[in-house]
Every structure is written in structure tokens, then in C-alpha cells.
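Listed below, chain by chain, are the residues.
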Amino acid sequence: MNKHKIRKGHYGYRDAHKKAQIRNVSIFAVAIAAILIGRFFVTWEDMKKMMMITAILLVLPMANLASPMLVSWKFKTAPKELYDAVKPYEQKFTVFYDLIITNTDLIMPIDVAVIHPTGLYLFCPDKKVDIKKAEKFINEILIGWKLDGNAKIMVEKKNYLNRLASLRDLTEEDDDGSTEYITKVILGLS
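Residues numbered from 1 in each chain as written. Predicted model: local features only at pLDDT ≥ 70, side-chain atom pairs only at ≥ 80, totals over all residues. Heavy atoms only, no water.

**Section: the pairing of strand β4 (residues 151–154)**
Bridge analysis of strand β3 (residues 119–123) against β4 gives four bridges, and the strand direction is parallel. Following the sheet pairing, F123 is matched in β4 by M154. For the segment spanning β3, helix α4 (residues 131–144) and β4, crossover handedness is right-handed. (Pairing = 2+ DSSP bridges. Helix = DSSP H or I, 4+ residues; strand = E, 2+ residues; numbered from the N terminus. Right-handed = clockwise from strand over helix to strand, strands pointing away.)

**Description of the pattern of salt bridges**
One pass over the structure, following the stated rule, counts seven salt bridges. For D105, the salt bridge identified is with K133, shortest N-O distance 3.8 Å. Pair noted here: D105 is in the loop between β1 (94–102) and β2 (107–116) and K133 is in helix α4, with a separation of 28 residues, a long-range link. Between K184 and E180 there is a salt bridge, with the nearest N and O atoms lying 3.7 Å from each other. Taken as a pair, K184 and E180 lie in helix α6 (residues 178–189) at a separation of four residues, close to a single helical turn. (Salt bridge = Lys/Arg side-chain N within 4 Å of Asp/Glu carboxyl O.)

**Describing the sheet that holds β3**
The strand order β1-β2-β3-β4 describes an open sheet built from four strands, whose pairing is mixed. Edge positions in the sheet fall to β1 and β4, since each of these pairs with one other strand and no more. Within this sheet the neighbouring strands show an average axis-to-axis angle of 30°, counted without direction. Where helix α5 (residues 157–166) meets the sheet, it contacts β2, β3 and β4, and its direction lies at approximately 150° from that of β3. Running over the sheet, α6 touches β1, β2 and β3 and is turned about 35° from β1. (Axes fitted to C-alpha atoms, helices over the stretch in contact; angles between N-to-C directions. Contact = heavy atoms within 4.5 Å.)

**Topic: helix α2 (residues 45–72)**
If you check α2, its first and last C-alpha atoms are 41 Å apart, about what 28 residues at 1.5 Å a residue would give, namely 40 Å. Among the residues of α2, those classed as buried are M51, A55, M62, A66, M69 and S72. Those residues of α2 that are buried lie in contact with α1 (13–38) and β1. (Expected span 1.5 Å × (residues − 1). Buried < 20%, exposed > 50% of the residue type's maximum accessible area, 1.4 Å probe, protein only.)

Now the structure itself:
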């Protein structure tokens, strides 16, 4: 495994993942084109048919790679100044960056997610997202995992940073073990 690969939840993931998706889709596209061009150089009819079937079958995995890439195309990595403003909180809380949470009705770019005993605090810069519906969706998932349904989504950066600044530091009494489960849920949704 590449030790320089940016993992899900780390700053820069969206842009790195997009580059990887473009590379993978391009590999499939080149392979399909090479097979189709290769058909013109083959004289055996059965081989031409096999090459055509192979090209058609390669389109399916390429489409599986391309569809999430197209959905997330407009979402870039969070601005560096937001990352710099939130980075000090990484010492106190569990922080994730560059997530895109989806369900059948919503596509939510979550630039920052902070897990705290008082709630899951999410910053979504897309003001077009139906916040009430999004919070309801995430809270239902959390409750389904037998966790507190106290996710809050904010669209104003200033309000979000003020909320993070108001969070108290964690003590050992605050650790109820739910952070690990919330981490799995939030990364699984993305």
C-alpha cells in the first residue's frame, strides 16, 4: 500500500481521490479503445467477436468507477484557511475532512466533521442542502447504531468555528467509547 496515499477523512482526500478515479477511468477507456482498434487488425471472426464482448464487458466496471466521480466532480478539497483554523482541534477531538455524505435524496459535501461527546458537528459549505433533512438522515443512522442522535450541520463557517471554540476539552469521564462507533458510521456514510 502506498504510504503517501491520503486516506478518507484526511485533509486533501477529495482532490486525491478524484485524481485516482480519473486515472482508473482513463485506464479502462484506453483498454477499451485499444481492444476496439485491435479488432481491425484481427482476421479471425471469432476473435473479433470475443474482442467486442470484452470491450463491452469492460464498460460496466468503468461506469461503476465513473458514476461516483461525476457526482463528486464539483466538490473540491476544503480551503486551506479552514483546515488551518480547525487543525488545532485535532489535538482535542476526532476530526475528519473532505467527506461527501449521500443518500437517495441528498449529496452533502462535509468539509469538516468533529466528534465530541455533546454531538457530531459537521460543516457543509453548500447552502443549497436541506439541513433539516440532512440532520434527520444522519441522526436516524446514529440512532440505528444505538448512538446519540445529536448531529448538527452548519453552513456558515464563522458560526461553525465559533461552535468549535465553545466546545469544552474532553476528560476521561467524557469518553463513553462512542467515538470509535461514530467514526465508523461517518466514514461509512461517506
